[in-house]
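So the chains spell out like this:
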Amino acid sequence: DAKTTQPPSMDCAEGRAANLPCNHSTISGNEYVYWYRQIHSQGPQYIIHGLKNNETNEMASLIITEDRKSSTLILPHATLRDTAVYYCIVPNTGNQFYFGTGTSLTVIP
Amino acid sequence: GAVVSQHPSWVICKSGTSVKIECRSLDFQATTMFWYRQFPKQSLMLMATSNEGSKATYEQGVEKDKFLINHASLTLSTLTVTSAHPEDSSFYICSARGQIDTQYFGPGTRLTVL
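Described in the following lines is the structure provided in the data block. (Residues numbered from 1 in each chain as written. Chains lettered and ligands numbered in written order. Predicted model: local features only at pLDDT ≥ 70, side-chain atom pairs only at ≥ 80, totals over all residues. Heavy atoms only, no water.)

**Things to note about the state of the cysteines**
Summed over all chains, the structure comprises two disulfides over all chains. The disulfide that involves Cys-22 of chain A links it to Cys-88 of chain A, with 2.1 Å between the sulfurs. Across the S-S bond of Cys-22 of chain A and Cys-88 of chain A the torsion is about -80°, and the bridge reads as left-handed. Of this pair, Cys-22 of chain A sits in strand β2 (residues 18-23) while Cys-88 of chain A sits in strand β8 (residues 84-89), placing them 66 residues apart in sequence. Cys-88 of chain A shares its class with Cys-22 of chain A; the two are buried. The disulfide partner of Cys-23 of chain B is Cys-94 of chain B, and the S-S distance across this bridge is 2.0 Å. Taking the sign of the S-S torsion, about 80° here, the bridge from Cys-23 of chain B to Cys-94 of chain B comes out right-handed. Of this pair, Cys-23 of chain B sits in strand β3 (residues 19-25) while Cys-94 of chain B is found in strand β9 (residues 90-97), placing the two residues 71 residues apart along the sequence. The residues Cys-23 of chain B and Cys-94 of chain B share a single accessibility class, namely buried. (Disulfide = S-S within 2.5 Å. Helix = DSSP H or I, 4+ residues; strand = E, 2+ residues; numbered from the N terminus. Buried < 20%, exposed > 50% of the residue type's maximum accessible area, 1.4 Å probe, protein only.)

**Things to note about the pattern of salt bridges**
Residues and elements named next belong to chain A. On inspection of all chains with the given rule, the structure shows five salt bridges over all chains. Lys-3 is paired through a salt bridge with Glu-31; the nearest N and O atoms lie 2.7 Å apart. In this pair, Lys-3 sits in the segment before β1 (9-13) while Glu-31 sits in the loop between β2 and β3 (33-38), placing the two residues 28 residues apart along the sequence. Judged by relative accessible area, which is 28%, Lys-3 ranks as partly exposed. Since its relative accessible area comes to 11%, Glu-31 is described here as buried. Here Asp-82 makes a salt bridge to Arg-37, at a shortest N to O gap of 2.8 Å. Of the two residues, Asp-82 is situated in the loop between β7 (70-75) and β8 and Arg-37 in strand β3; the sequence distance between them amounts to 45 residues. (Salt bridge = Lys/Arg side-chain N within 4 Å of Asp/Glu carboxyl O.)

**Comments concerning the interface of chain A and chain B**
Each side of the interface is counted separately: chain A has 19 residues, and chain B has 20 residues. Between chain A and chain B the total buried area reaches about 1500 Å² when both faces are included, carbon and sulfur atoms providing 52% of it. Of all elements in the fold, only β3 and β4 (45-50) of chain A reach the threshold of two or more residues within the side of chain A that touches chain B. Element by element, the count of residues in the side of chain A that touches chain B is highest for β3 of chain A, at three residues. In the side of chain A that touches chain B, the residues fall into nine nonpolar, 10 polar and no charged. (Contact = heavy atoms within 4.5 Å. Buried area = accessible area lost by both parts, 1.4 Å probe. Nonpolar A, V, L, I, M, F, W, Y, C, P; charged D, E, K, R; others polar.)

Now the structure itself:
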């Protein structure tokens with residue numbers, strides 16, 4: 001079963017920041033949080049991952065709360081091409097990914 | 001880097017036939033690959049974990065004799081759907097585990113069984 005919960009859908013205006021929340025209240029101390037996105041009829045695309053420090057790369061920023069029970073993925077300037085389903089994943093001990101329902105992000109012109 | 005390919009990208013077959021799907025890590029070696037399937041408007045569902053040189057580990061409810069997995073090299077895993085039926089029609093996606101346990105996904109294979 002998925003270890004994360006996310007809102008089912010969100011809208012964001014083009015050019016604005018998209019903030020996607022994720023709850024992972026049962027995460028343990030050495031488990032990473034991974035974020036992927038899936039555009040319709042394609043395989044999931046890796047975005048970013050983190051353990052406890054905030055992370056940033058060319059695609060997004062990841063903010064993890066101090067207690068590590070939740071995180072937020074930030075797309076700083078959303079474009080229409082960012083419309084996708086975003087998945088937050090905490091792997092199990094065998095590194096298996098159990099996908100939840102994710103958040104369907106719609107970027108509005 | 002970290003590119004994963006799948007072949008074919010789509011396949012249509014008759015009921016009762018077998019279909020093989022290949023998953024390749026193009027620029028890295030992967031001791032572990034995973035197979036998922038996704039039905040319309042649903043999330044990805046893990047089917048099995050494939051380790052190079054050993055038998056795959058199947059998730060509960062996935063028939064190992066129907067979905068044959070072979071991981072013969074560090075860059076190739078195959079999934080064979082045996083005696084396919086219309087209910088096996090789905091989007092099959094593989095992933096390969098890279099550095100720091102990150103999984104890199106293939107583009108998926110759309111299987112339609114008539």
